[in-house]
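Here's the letter readout for the chains.
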Amino acid sequence: MADAEEPEKKRRRIEDLTEKMAVESGHRDGGWDGRWNHVRKFLERPGPFTHPDFEPSTESLQFLLETCKILVIGAGGLGCELLKNLALSGFRLIHVVDMDTIDVSNLNRQFLFRPKDVGRPKAEVAADFINNRIPGCKVVPHFKKIQDFDESFYRQFHIIVCGLDSIIARRWINGMLISVLSYEDGVLDPSSIIPLIDGGTEGFKGNARVILPGMTACIDCTLELYPPQINFPMCTIASMPRLPEHCIEYARILQWPKEQPFGETSLDGDNPEHIQWVFERSKDRASQFNIPGVTYRLTQGVVKRIIPAVASTNAVIAAACATEVFKIATSAYIPLNNYLVFNDVDGLYTYTFEAERKENCTACSQVPQDLQFPPSAKLQEVLEYLTENASLQMKSPAITTTLEGKNKTLYLQSVKSIEERTRPNLCKTLKELGLSDGQEIAVADVTTPQTVLFKINFTA
Amino acid sequence: MAATKDSKEQKYDRQLRLWGDHGQEALENAHVCLINATATGTEILKNLVLPGIGAFTIVDGHSVSGEDAGNNFFLSVDSIGKNRAQAATELLQELNSDVSGNFVEESPDKLLDNDPEFFHRFTIVIGVQLPESTCLRLGSVLWSASVPFLICKTYGLIGYMRLVVQEHSVIESHPDNALEDLRLDQPFDDFKNHIKSYDLASMEKKDHSHTPWVIIVAKFLERWLSEHNNQPPKNYKEKEAFRQMIREGIIKNENGVPEDEENFDEAIKNVNTALNPTKIPSTVEDLFNSEQCNNITAQSSVFWVMLRAVKEFVHNEGNGSLPVRGTIPDMIADSQKFINLQNVYREKAMQDSAAVSKHVECLLQSVGKPPESISEKDIKLFCKNASFLRVVRCRSLAEEYNVDSINKDEITSCMDSPDSEMVFYLMLRAVDRFYQQHSRYPGVYNYQVEEDISKLKLCVNSLLQEYSFNVNIKDDYIHEFCRYGAAEPHTVSAFLGGSAAQEAIKIISHQFVPFNNTFIYNAMSQTSATFQL
């Protein structure tokens, strides 16, 4: 027995010494023995299911710890989880962007925040917490909108992972990463690709996807997966309410602007006084029509378009996303190809599939977009097409074109003076506006960082 | 801990919209036991502490190691060498002051030796990274005490969960896509009287265009039945003809062109589902036929008493149908017509619920219980959810592991596809054997990886032999499981953390349906599967 023990002990001693040498550099930055043991098994050992490009090496961990730069967009339900997951997987150079401040309703799941932090910027509090809890981790916060940065900011990252709550923002970052792609003689330069991992959750449902801009399906390729938000018809709200929601929308959309109960302030869903006012008016309206069901909670939910949320779903989706970040950063395994759906209402359900690129995707196909309109069509019709078409779903497109060598704004909504000046154009026909067959128009919108070019072809 | 009701309402707002105040109350009365504060364990507990469970107790005899502190958000470098239960409790407690955290510095095996009834006090016990022998011992104790047991394991890139609960009833399953309960195929008297008050042919356009589609379909169905020997439209051809009949009911202008009547469009669109025969779902029929329903005793749970009452209702006042649900979907209509129609269904539901209440009273009296012991409110909720009732029964661990009762069919048929997630279940079982034989897991140290492959293969073969499984496990999986070296990577722990916590919440709140009974997650392919073993 003693003889059999010796080789075992000896081998373990050698193993320990080897490991100690390997982690020495880790110790310099707040490390300790065994700290990265769980991670290293996937970086330093060969295996039958690894990515074809994978090479076991002790340098992979150093790459994660010292070089690999990750951007986390959003420091909310998914963002907090992502920061924790990345930090505990060896990533240290992490930036996080979030334009919001902390609200008390965040505390049931955004676990880097405490009651004393309410009102402070999410990005900053999250970064502080992680940097304090995980020695050596250097999260850099940005209390900003993603649109505040240009491509020079985004280019510095190896991988970008999103935990956003807005489709517009998703489309914007999607467009940004497509705009930094470089093509040589029509061939995509792979080194210009910044992988985008995108996660989303709603109640007990969630999804995680891997996007390689220019190579795999992008956000806009699968826009139909996000059906447009349905608003109640105005005539229902104005004269034929049936549901408590209709009564609430009446108070919000019609009564508030008319009565201006708190002066000329717009309705603030985060102001309990405002919600209380809407709640009382909604109850009045509901009782007029014998409609049951108006509660304070429902009122707040309708006014703020609240989406229910729990810690568990965010934990699952952020975990899946972080696993993909790890796989891509280290080539440890073949990444998800490319879309995961999760639902745990009834048992636990996952579905994994490959979302396909759209041949004529407005964001990533580089194919000029053709529009068909008769010359007698009014500009209003073009505007409606841009907003209502399921593949485009623009929010408030600004349309410009070149006429007689000069740039002309046909319609722009976001600047009041220009909107007033160009509004009459909406009633004019394309012919009246001076457009010719095959004319190119440039459309700018919040859903994309770059203008989209369309070609108008006249139909009979 | 002195959070006001208001501040809790604000904090928990986003989750209250999912499980309501009563669900939250159940959570706040729960005491969860976590065994082993590994990364998987603390991630699960984090997702229970944040939503506000009443209390947790961590049972763990281990001391914190360097690698523990490296993958666990709730263990710091300062906690290395300290007891893991205590160290983790501090940082988990800090997440939510509404929750009461406790710890026991003891291994579960010791507790089972000295004080097995220790575990009886918990609402649910969650065991993480436990060896097979401990699971089986604990499983037996908790089964006898009817305490739900959730086993979780992160092994390399594989996540595993096993739910062990004898019988778990769910009244509020909140199905994603529920069919409406409109009874158009068997209209009740109050509904028939209500539609009598409508004479479509004589209505002004405004009223005509704002008549609910349910009324339209009901009226035209009456006509159809009278013209077709009381037979409703059955095949595609007849349904098309029925739709056409409705279409012709659309008001035409002076030139004979049909007007725009969206309510009629709605009626036509809904013909298919509207004509679905009212049926008791097979899940509910199965419940009606079960032993617990047919044999009501003083020990019967509230669920079974109410179910039996509903069954009595079905065979009497219900004329073969469940109590009317009482809700209708929104539809194009003016306010009054809609509200009046809604009230017809609502009142019928109240009547049916009252009838069920009478049966509840009788049943309670027959077993010597006071009739008020089940409230009207509970009966109403039960009736409203009658179509969606579910009972989950998981097999015991003993049944799963016993040679005579193991689910051989399921395992072998899944393994017809050798890359099915079932292979991971078998590998985890093999790894448990390895641990039993060698008191360690395979491939923990680099030098062990190669030589453990043949040892693990022996364990795989002995497993397959013991159960007479005629399946083949590819060598690649045996290699991979040695490569894992029992690692517990954080992201896989976090995935299981979210999954397991929500299953625990389902058990505690009796809302939404738990899985039955084995869940496998493969982080390599981002796929998962559920097996009933």
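So, how was this worked out
Residues numbered from 1 in each chain as written. Chains lettered and ligands numbered in written order. Predicted model: local features only at pLDDT ≥ 70, side-chain atom pairs only at ≥ 80, totals over all residues. Heavy atoms only, no water. Core = buried A, V, L, I, M, F, W, Y, C linked by side-chain atoms within 4.5 Å. Buried < 20%, exposed > 50% of the residue type's maximum accessible area, 1.4 Å probe, protein only. Helix = DSSP H or I, 4+ residues; strand = E, 2+ residues; numbered from the N terminus. Contact = heavy atoms within 4.5 Å. UniProt positions renumbered as here; feature names shortened; annotations may be inferred. Pairing = 2+ DSSP bridges. Axes fitted to C-alpha atoms, helices over the stretch in contact; angles between N-to-C directions. Buried area = accessible area lost by both parts, 1.4 Å probe. Salt bridge = Lys/Arg side-chain N within 4 Å of Asp/Glu carboxyl O. Phe/Tyr/Trp six-rings, centres within 6.5 Å; stacked < 30°, edge-to-face > 60°. Lys NZ or Arg CZ within 6 Å of the ring centre and 35° of its normal. Expected span 1.5 Å × (residues − 1).

Some words on the nonpolar core
- Core analysis: the largest hydrophobic core is formed by 174 residues, its most contacted members being Phe119 and Ile126 of chain B.
- For this core, the element with the most residues is helix 12 (residues 311–330) of chain A, which contributes 11 residues.
- Apart from residues no more than four positions distant in its own chain, Ile126 of chain B is found in contact with Val32, Cys33, Leu34, Ile35, Ile44, Leu48, Leu150, Cys152 and Ala504 of chain B.
- Residues Met203, Val214, Val217 and Leu221 of chain B belong to the second largest nonpolar core, which totals 42 residues.

Things to note about the UniProt feature "domain: THIF-type NAD/FAD binding fold" (unreviewed entry) in chain B
- UniProt records the feature "domain: THIF-type NAD/FAD binding fold" (unreviewed entry) at residues 12–529 of chain B, using the numbering of this structure.
- Regarding residues 12–529 of chain B, the helix share stands at 50% and the strand share at 9%, and the terminal C-alpha atoms are separated by 31 Å.

A look at the sheet that holds strand 12 (residues 398–403) of chain A
Residue and element names in this part refer to chain A.
- Read from one edge to the other, the open sheet built from 5 strands follows the order 11-15-14-12-13, with strand pairing classed as mixed. Looking along the sheet, the strands with just one partner apiece sit at the ends: strand 11 (369–373) and strand 13 (406–411). For this sheet, the mean angle separating the axes of adjacent strands, direction not counted, is 35 degrees.
- In this structure, strand 11 lies alongside strand 15 (residues 448–458), joined through 5 bridges in parallel fashion. Paired with Gln372 across the bridge in strand 15 is Asn457.

Regarding the interface of chain A and chain B
- Contact with chain A, which involves 83 residues of that partner, is made by 89 residues of chain B.
- Counting each side, the surface lost to burial between chain A and chain B is near 7,400 Å², with a carbon and sulfur contribution of 57%.
- The largest share of the area that chain A buries against chain B comes from His38, Arg242 and Arg297 of chain A, three residues that together contribute 11% of it.
- Counting every contact that joins chain A to chain B gives 9 salt bridges.

What about the packing of aromatic side chains?
- Tallied over the entire structure, the rule returns 36 aromatic pairs over all chains.
- With centroids separated by 3.9 Å and ring planes inclined at 20 degrees, the aromatic side chains of Phe149 of chain A and Phe153 of chain A adopt a geometry described as stacked.
- Taking the relative accessible area as the measure of exposure, Phe153 of chain A reaches 9% and is therefore buried.
- When the ring of Tyr351 of chain A is compared with that of Phe353 of chain A, the centres are 5.4 Å apart and the planes differ by 20 degrees; the resulting orientation is stacked.
- Taken together through their ring pairs, the aromatic side chains of Phe42 and Phe49 of chain A together with Tyr155, Phe424, Tyr435, Tyr441, Tyr477, Phe481 and Tyr484 of chain B make up a single cluster.
- The ring of Phe73 of chain B carries Arg133 of chain A above its face, with NZ or CZ at 4.9 Å from the centroid.
- Cation over ring: Lys46 of chain B sits above Phe111 of chain A, and NZ or CZ is 5.1 Å from the ring centre.

Side note on helix 5 (residues 122–133) of chain A
- The end-to-end C-alpha separation of helix 5 of chain A is 16 Å, in line with the 16 Å expected for 12 residues at 1.5 Å each.
- Within helix 5 of chain A, burial applies to Lys122, Ala123, Val125, Ala126, Ala127, Phe129, Ile130 and Arg133 of chain A.
- Contacts from the buried residues of helix 5 of chain A go to helix 4 (77–87), strand 2 (93–97) and strand 3 (138–142) of chain A together with helix 5 (84–93) of chain B.

Regarding the pattern of salt bridges
All names here are of chain B.
- Inspection of every chain in the model, using the stated rule, returns 51 salt bridges over all chains.
- The salt bridge involving Glu400 is made with Arg162; its shortest N-O contact spans 2.5 Å. Of this pair, Glu400 sits in helix 18 (residues 397–401) while Arg162 is found in strand 6 (residues 158–164), placing the two residues 238 residues apart along the sequence.
- With a relative accessible area of 1%, Glu400 lands in the buried category.
- Here Lys474 makes a salt bridge to Asp419, at a shortest N to O gap of 2.9 Å. Here Lys474 is found in the loop between helix 21 (448–466) and helix 22 (475–484), whereas its partner Asp419 is found in the loop between helix 19 (408–414) and helix 20 (422–438), with 55 residues between them in sequence.
- Taking the relative accessible area as the measure of exposure, Lys474 reaches 32% and is therefore partly exposed.

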